[in-house]
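# Architecture at a glance
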Amino acid sequence: MWQVKLKVMESVLSIDDIHVIQLEMLEKIDHFLNENHLNYFLCAGTLLGAIRHHGFIPWDDDVDIAMPRLDYNKLLSILSDRKIEGIRLLNYHKDTDYRLPFAKFIDESTVLKETGTYDQKLGVYIDVFPVDIIPEKKHVQKKLIRKCRFNFYMLYLQLQDKRKPFNLRQLINEVILKPVAKRKSFKYYSEIIDTYAQSAADSASDTYCILAHSILAKNDFEKDELFPTKLIPFGDLMLPVPNQSDMYLKKLYGDYMTPPPEEARKGKHNVEAWKIIK
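These remarks concern the structure in this document. (Residues numbered from 1 in each chain as written. Predicted model: local features only at pLDDT ≥ 70, side-chain atom pairs only at ≥ 80, totals over all residues. Heavy atoms only, no water.)

It is worth spelling out the packing of aromatic side chains at this point. Scanning the entire structure with this criterion turns up six aromatic pairs. Between Phe41 and Phe227, the aromatic rings sit 6.0 Å apart at their centres with planes inclined by 75°, giving edge-to-face as the arrangement. On the criterion of sequence distance, the pair formed by Phe41 in strand S1 (residues 41–42) and Phe227 in the loop between helix H7 (223–226) and strand S9 (230–234) is long-range, its members being 186 residues apart. There is no split in this pair, since Phe41 and Phe227 are both buried. For the ring pair Tyr188 and Tyr189, a centre distance of 5.2 Å and an interplane angle of 80° mean the geometry is edge-to-face. Three or more aromatic residues link up through ring pairs in this structure, and these residues are Phe41, Tyr208 and Phe227. Just above the ring of Tyr125 sits the side chain of Lys104; from NZ or CZ to the centre is 3.5 Å. Over the ring of Tyr188 we find Lys184, and its NZ or CZ is 4.9 Å from the ring centre. (Phe/Tyr/Trp six-rings, centres within 6.5 Å; stacked < 30°, edge-to-face > 60°. Helix = DSSP H or I, 4+ residues; strand = E, 2+ residues; numbered from the N terminus. Buried < 20%, exposed > 50% of the residue type's maximum accessible area, 1.4 Å probe, protein only. Lys NZ or Arg CZ within 6 Å of the ring centre and 35° of its normal.)

Inspection of helix H3 (residues 69–78) places Arg69, Asp71, Tyr72, Leu75 and Leu76 among the buried residues, and these make up the whole buried set. In a view along the axis of H3, the buried residues occupy a sector of 165°, so they form one face of it. For H3, the secondary structure elements touched by its buried residues are helix H1 (15–35), strand S2 (63–68), strand S3 (87–90), strand S4 (103–107), strand S6 (125–134) and helix H6 (186–197). (Arc of directions from axis to C-beta. Contact = heavy atoms within 4.5 Å.)

Its location among the elements puts Leu23 in helix H1. The class for Leu23 is partly exposed, based on a relative accessible area of 22%. Between the alpha carbons of Leu23 and Gly235 there is a distance of 7.9 Å; along the sequence they are 212 residues apart. With residues near it in sequence (within four places) discarded, Leu23 still touches Phe56, Phe234 and Leu237.

Written as structure tokens, this is what we have:
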């Protein structure tokens, strides 16, 4: 059961409050990564927000950035004994209760609850995804992506609250797959995904993919679609985006410039956050 042991403000932070905190985090993180010559770019919904809204998608509740695997690994190493002021980097290598194969920057002045799929104490966060080189041959690519997505799905089943099945697939998940998934630790699945994801690191391939998340692993990109990155406005900041952002977003979302209907404009993570009272 998720519990808050810190003293926090009674009122839940609004989505606008969360965006203010995330923008402050982005400014600090951008400065730190540039100072350490580490490459990154906005990805997924955050990139969509940058292109369509010139900042956050108004109803989005998280931030996504991606880093080439070498830079990502350097980041984990640098921040193993250092930190960015007011921000902590969570990753499964050093945080024994952290459960995902990608890292999160956490704002230390907040506490966040993610309902339904996560009971670890977090703060307002920014997801950090490694971008991996994958084999050029399509059949080898598909096999690798399938392995990573399957192991992420098994990990994800462990994160889900117990629920009453509403269809055959949910019944299979709840009765068969979830008990099997729970025989292994979160770290076990993260290590397997990491190993598979880096298996083609030394190849001459120019094809890339985010293998550490099952949804993002559905799409691969050529090197010139991602690099070199370009700077575009994001609120008051200038932040890096993929070289061919239009191509990237079309692969993920299709007609990405058309907002969803009003009833679908909801944050996908179902979060609540509070400021910590010192």
